[in-house]
Amino acid sequence: MTCENCGEREAVVHLTQIEDAQVTTVHLCERCAAERGVEPPPAGKTPLGSFLAAIGDSEGTDEAGQAKCPGCGASFANFRETGRLGCAECWTAFEAPLRDLVRRLHGSTVHVGERYVSAGSTRAERTEDDLRERLRLAIETENFELAADLRDRLRK
Amino acid sequence: MIDLSLMADGGMGWLDASGPESHLVLSTRIRLARNLAGYPFQGRSGDAERERILREVEAAARDTVLLGRAVTFRLDRLDEADRQLLHERHLVSKELAGLDPGARVRYGAALLHQDRIGVMLNEEDHLRLQGLCSGFALAATYAEVDRLDGELGRRLGFAFHQEFGYLTACPTNVGTGLRASVLIHLPGLVLTKEVSRVLQGLAQVGLTFRGLYGEGSEVVGNFFQLSNQTTLGKSEGELLDHLARVVRQVIEYEEQARQVLLQSAPTVIEDKVWRAYGLLRYARNLSFDEAMNLLSGVRLGVGLGLIPGIGMYTLNKLLIQSQPAHLAVAENLPLGDPALALRRAALVRRVLEDDVERRG
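Throughout what follows, the structure given in this document is the object of discussion. Keep in mind it's a predicted model, so treat the numbers as computed, not measured.

**Examining the pairing of strand E4 (residues 117–121) of chain B**
All names here are of chain B.
Thought 1: Judged by how many residues are buried, E4 sits mostly within the fold: five of five residues are covered.
Thought 2: Of the two faces of E4, both are covered, the one formed by Ile 117, Val 119 and Leu 121 as well as the one formed by Gly 118 and Met 120.
Thought 3: Pairing of strand E3 (residues 110–114) with E4, which is carried by five bridges, proceeds in the antiparallel orientation. If you follow Ala 110 over to E4, its bridge partner there is Leu 121.
Thought 4: Adjacent in sequence and paired antiparallel, E3 and E4 are bridged by two residues, among which Asp 115 carries a positive phi angle near 55 degrees.

Structure representation (structure tokens):
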């Protein structure tokens, strides 16, 4: 998208204004935006950019940024750059700085919502629970053919 | 070309204006972000891994009740107009459809869809479970998505951390992985110039707003998507309750603003909504933005009882069908063809004319 003001450079600032009962969005390049007194977006390619930059500052040493996740080989510096983690293990590998970031983003670090239960029961129990749940859903969604089949399998 | 007839309602059941508060709230959408344990996240996985993720989830879904009959759309095998069409239908994100400037559709990007729910695959997270219902229906929409989460979770291994909850590629989604949004029409607040105050207030209570197409999209036709900003530290129920309370408040503000308009400037408002109707009824050339703004005016007129007889469903259909990719596909024209503005005007005239004839 090109800048709506100069029509030459790439628009990087997308300014939504509400004025005289009209909501408008203006797309401007960095220079034209600056001329209108609009700050360009914070450093970094993602909305997390400023957060991450702040964390980088508090982190201090480059060493901490260079440590690699044993799961995927991504470093914390990679995360700072992209705003995206490499794999689930990154959450353990960079637990301390991530806890700090999560607290700033969400005001808490402890998940209190639904917990994922994948293991803990035997395979047979899980299968039976699952069949029962599917039967319940099948009845609820009026999928009676499937319900009959599931009921037969439960009886076996 | 994409065959949307594979979906019973074309994936547009949410348009039928049957849900609660549907004169103001178009739709309720809830998504849960989930990742498979044992695979790198999206940014660090290759094509082979994306393909395996897709197959694994498809196989698991086939065995479920809620997605057992799902249709799979491989976004990576669709042309741009079809991908945009799915996006305009609010079934896939801009990212999944590869519509961001300079972006390409990612290998393995896919949508599984059945009735009102679906899963986006190989989006920013491996799975984005989503539910879309008509009107203001947070509890009902969540109930469906939650059931799907249970069904898929028992068949797949999700990445979960004892402290942080469901793990996501971006820390803004970690915990519940839940983003609930309500698409609401607020012309009264825009006309009374109260909307910026209300929207600023949202940020103070941990909510955020976006445009018609979600993240990074512009506000058109006075439609706003209100959604939760944080995903961790509160349970799913608390997040939904909080959003519901605030949306109810915004609905109340909007109703008050409409009353203020009716009382302080009745003739101005009446003229405004009928002008909008007149233009839609007779214009020969309509850009998408103009159509959206005029439809917003007519919607307001119908809501205020000033324009009798037009159904919200008709207006919702026009809203969807006059979008660029919908028109391009229906009219067999390339995206961005200047003739689309003429076809759009013709479509709107035809639908409104039929509406008048139907009512006699």
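**Focus on the packing of helix H10 (residues 324–331) of chain B against helix H11 (residues 339–359) of chain B**
Residues and elements named next belong to chain B.
Thought 1: Contact geometry for H10 and H11: axes closest at 10 Å, N-to-C directions at 90 degrees. Judged on the interaxial angle alone, H11 and H10 are roughly perpendicular. On H11, the residues that touch Pro 324, Leu 327, Ala 328 and Glu 331 of H10 are Leu 340, Arg 343, Arg 344 and Leu 347.
Thought 2: Partitioning the contact of H10 with H11 into residue classes produces five nonpolar, no polar and three charged.

**Let's talk about the interface of chain B and chain A**
Thought 1: Contacts between chain B and chain A engage 51 residues on the former and 46 residues on the latter.
Thought 2: Counting the contacts that link chain B with chain A gives two salt bridges.
Thought 3: Between Glu124(B) and Arg84(A) there is a salt bridge whose closest N-O contact spans 3.1 Å.
Thought 4: In this assembly, chain B and chain A are joined by 17 residue pairs in polar contact (both at pLDDT 80 or more).
Thought 5: Element by element, the count of residues in the side of chain B that touches chain A is highest for helix H3 (residues 138–155) of chain B, at seven residues.
Thought 6: A class-by-class count of the residues in the side of chain B that touches chain A yields 23 nonpolar, 14 polar and 14 charged.

**Regarding the pairing of strand E8 (residues 178–185) of chain B**
Residues and elements named next belong to chain B.
Thought 1: Of all eight residues making up E8, eight are buried, and the element is well covered by its neighbours.
Thought 2: Going residue by residue along E8, you find Leu 178, Ala 180, Val 182 and Ile 184 tucked away on one face and Arg 179, Ser 181, Leu 183 and His 185 tucked away on the opposite face as well.
Thought 3: Where strand E1 (residues 25–34) meets E8, seven bridges bridge the pair, whose relative direction is antiparallel. Residue pairing for E8: Leu 32 is matched across the bridge by Leu 178.
Thought 4: Here E8 runs beside strand E10 (residues 223–228); their pairing, made up of five bridges, is antiparallel. Paired with Ser 181 across the bridge in E10 is Ser 227.

**Overview of helix H1 (residues 47–62) of chain B**
One turn of an α-helix holds 3.6 residues; hence residues three or four places apart share an orientation.
All names here are of chain B.
Thought 1: With 16 residues, H1 extends 22 Å between its outermost C-alpha atoms, agreeing within 8% with the 22 Å of an ideal straight helix rising 1.5 Å per residue.
Thought 2: Residues of H1 that are buried include every one of Arg 50, Glu 51, Ile 53, Leu 54, Val 57, Ala 60 and Ala 61, and no others.
Thought 3: Against the buried residues of H1 lie strand E2 (71–74), E3, E4, strand E5 (127–134) and H3.

**Some remarks on empty space enclosed by the protein**
All names here are of chain B.
Thought 1: Across all of its chains, the model carries five cavities of 30 Å³ or more by this definition.
Thought 2: Of the volumes computed, that of the largest cavity is approximately 50 Å³.
Thought 3: For the largest cavity, the full set of lining residues is Ser 27, Thr 28, Arg 29, His 90, Leu 132, Ser 181, Val 182, Leu 183 and Gln 225.
Thought 4: Elements supplying a minimum of two residues to the lining of the largest cavity: E1 and E8.
Thought 5: Classifying every residue of the lining of the largest cavity gives three nonpolar, five polar and one charged.

**Let's talk about the environment of Ser296(B)**
Residues and elements named next belong to chain B.
Thought 1: Checked against the element boundaries, Ser 296 lands in helix H8 (residues 288–303).
Thought 2: Note on Ser 296: relative accessible area 2%, which makes it buried.
Thought 3: Through-space distance from the C-alpha of Ser 296 to that of Gly 108 is 37 Å; in sequence the pair is 188 residues apart.
Thought 4: Not counting residues within four places of it along the chain, the set of residues in contact with Ser 296 comprises His 185, Pro 187, Gly 221 and Asn 222.

**So, the side chain of Ser45(B)**
Residues and elements named next belong to chain B.
Thought 1: Within the secondary structure, Ser 45 sits in the loop between E1 and H1.
Thought 2: A distance of 3.1 Å separates the side chain of Ser 45 from the backbone oxygen of Gln 42, its partner in a polar contact.
Thought 3: For Ser 45, the contacting residues outside a window of four places in its chain are Pro 40 and Arg 50.

**A short note on the side chain of Asp76(B)**
Thought 1: Along the chain, Asp76(B) turns up in the loop between E2 and helix H2 (80–88).
Thought 2: In contact with Asp76(B), other than residues within four places in its own chain, are Val105(B), Arg106(B), Tyr107(B), Gly108(B) and Ala109(B).

**Description of the pattern of salt bridges**
Thought 1: Tallying each qualifying case throughout the model produces 23 salt bridges over all chains.
Thought 2: The salt bridge partner of Asp63(B) is Arg155(B), with a shortest N-O separation of 3.2 Å. Within this pair, whereas Asp63(B) is found in the loop between H1 and E2, its partner Arg155(B) is found in helix H3, the two being separated by 92 residues in sequence.
Thought 3: Between Asp115(B) and Arg69(B) there is a salt bridge; the shortest N-O distance is 3.5 Å. Highlighted residues: Asp115(B) in the loop between E3 and E4 and Arg69(B) in the loop between H1 and E2, separated in sequence by 46 residues.
Thought 4: Its relative accessible area of 59% is what places Arg69(B) among the exposed residues.
Thought 5: One salt-bridge network, in which partners are shared between bridges, spans Arg84(A), Glu123(B), Glu124(B), Asp125(B) and Arg128(B).

**Let's talk about the packing of helix H7 (residues 266–282) of chain B against H11(B)**
Residue and element names in this part refer to chain B.
Thought 1: Relative to each other, H7 and H11 sit at 110 degrees, their axes nearing to 7 Å. Considering the angle they form, H7 stands roughly perpendicular to H11. Where H7 approaches H11, its residues Tyr 277, Leu 280, Arg 281 and Tyr 282 are matched on the opposing element by Val 348, Arg 349, Leu 352, Glu 353 and Val 356.
Thought 2: Classifying every residue of the contact of H7 with H11 by side-chain character gives six nonpolar, no polar and three charged.

Cut-offs and rules
- Residues numbered from 1 in each chain as written.
- Chains lettered and ligands numbered in written order.
- Predicted model: local features only at pLDDT ≥ 70, side-chain atom pairs only at ≥ 80, totals over all residues.
- Heavy atoms only, no water.
- Buried < 20%, exposed > 50% of the residue type's maximum accessible area, 1.4 Å probe, protein only.
- Helix = DSSP H or I, 4+ residues; strand = E, 2+ residues; numbered from the N terminus.
- Pairing = 2+ DSSP bridges.
- Axes fitted to C-alpha atoms, helices over the stretch in contact; angles between N-to-C directions.
- Parallel < 35°, antiparallel > 145°, perpendicular 65-115°, else oblique.
- Contact = heavy atoms within 4.5 Å.
- Nonpolar A, V, L, I, M, F, W, Y, C, P; charged D, E, K, R; others polar.
- Salt bridge = Lys/Arg side-chain N within 4 Å of Asp/Glu carboxyl O.
- Polar contact = N/O pair within 3.5 Å; in protein donor to acceptor, adjacent residues only side chain to side chain.
- Expected span 1.5 Å × (residues − 1).
- 1 Å grid on protein atoms, 1.4 Å probe; cavity = no way out; pocket = protein on both sides within 12 Å on 5 of 7 lines; lining within 4 Å.
- Points joined across faces, edges and corners; volume = space filled by probe spheres on them.

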